[in-house]
Amino acid sequence: MTPLHHIGNFIRDLVVQIPLWCVRALFVGTLIAVLVWVLSLPRENTTPENATHWYQNLKVWAGLALTIQIIIYSLF
């Protein structure tokens with residue numbers, strides 16, 4: 001075995017020790033943080049200049065997509 005095999009086995013042994021609930025919490029927490037950031041963006045940055053309808057605001061659709069992802073990854 002080469003030294004890279006030993007390094008790879010060492011890293012794999014470290015990663016296997018992390019509980020899956022912790023990984024899921026970090027992943028879903030990251031999605032929640034992105035959702036909060038998206039919702040806090042000003043309307044001028046997420047809507048075209050000549051937009052007249054509420055559905056032209058990209059923040060609405062990004063928030064919906066992130067919410068669906070949060071629900072899916074929280075349940076499964």
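Residues numbered from 1 in each chain as written. Predicted model: local features only at pLDDT ≥ 70, side-chain atom pairs only at ≥ 80, totals over all residues. Heavy atoms only, no water.

**A few points about the nonpolar core**
Within soluble globular proteins, side chains that are nonpolar generally end up buried alongside one another.
Part 1 of the reasoning: Ranked by size, the top nonpolar core spans six residues in total: Val28, Leu31, Leu35, Val38, Leu66 and Ile70.
Part 2 of the reasoning: Those elements that place two or more of their residues in this core are α2 (20-40) and α4 (58-75).
Part 3 of the reasoning: In this view, Val28 contacts Ile70, Tyr73 and Ser74; residues no more than four positions away in its chain are not counted. (Core = buried A, V, L, I, M, F, W, Y, C linked by side-chain atoms within 4.5 Å. Buried < 20%, exposed > 50% of the residue type's maximum accessible area, 1.4 Å probe, protein only. Helix = DSSP H or I, 4+ residues; strand = E, 2+ residues; numbered from the N terminus. Contact = heavy atoms within 4.5 Å.)

**Focus: the packing of aromatic side chains**
Part 1 of the reasoning: For the structure on display, the rule yields three aromatic pairs.
Part 2 of the reasoning: Ring geometry for Phe27 against Tyr73: centres 4.8 Å apart, planes inclined by 85 degrees, an arrangement best described as edge-to-face. Remark: Tyr73 occurs in helix α4 and Phe27 occurs in helix α2; sequence separation between them is 46 residues.
Part 3 of the reasoning: An aromatic cluster is defined as three or more aromatic residues linked by ring pairs; in this entry it consists of Trp54, Tyr55 and Trp61. (Phe/Tyr/Trp six-rings, centres within 6.5 Å; stacked < 30°, edge-to-face > 60°.)

**Comments concerning the UniProt feature "transmembrane region" (unreviewed entry) in the protein chain**
Part 1 of the reasoning: Cross-referencing UniProt, the feature "transmembrane region" (unreviewed entry) maps to residues 21-38 and 58-75 in the present numbering.
Part 2 of the reasoning: Helix and strand shares over residues 58-75 are 100% and 0% respectively, and the end C-alpha atoms of the span are 26 Å apart. (UniProt positions renumbered as here; feature names shortened; annotations may be inferred.)

**A word on the environment of Leu64**
Part 1 of the reasoning: By the element assignment, Leu64 lies in helix α4.
Part 2 of the reasoning: Under the relative-accessibility criterion, Leu64 is labelled partly exposed at 44%.
Part 3 of the reasoning: Sequence separation of Leu64 and Leu35 is 29 residues, and the distance between their C-alpha atoms is 9.1 Å.

**What about the packing of α2 against α4?**
Part 1 of the reasoning: At a closest axis distance of 10 Å, the pairing of α2 and α4 adopts a crossing angle of 165 degrees. As the angle between them shows, α2 and α4 are arranged roughly antiparallel. Between α2 and α4 lies a crossing whose hand is left-handed. The segment α2 lies against α4, with Arg24, Phe27, Val28, Leu31, Ile32, Val34, Leu35, Val38 and Leu39 engaging Lys59, Ala62, Gly63, Leu66, Thr67, Gln69, Ile70, Tyr73 and Ser74.
Part 2 of the reasoning: Among the residues making up the contact of α2 with α4, the classes are represented as 12 nonpolar, four polar and two charged. (Axes fitted to C-alpha atoms, helices over the stretch in contact; angles between N-to-C directions. Parallel < 35°, antiparallel > 145°, perpendicular 65-115°, else oblique. Left-handed = near helix turned anticlockwise from the far one by under 90°. Nonpolar A, V, L, I, M, F, W, Y, C, P; charged D, E, K, R; others polar.)

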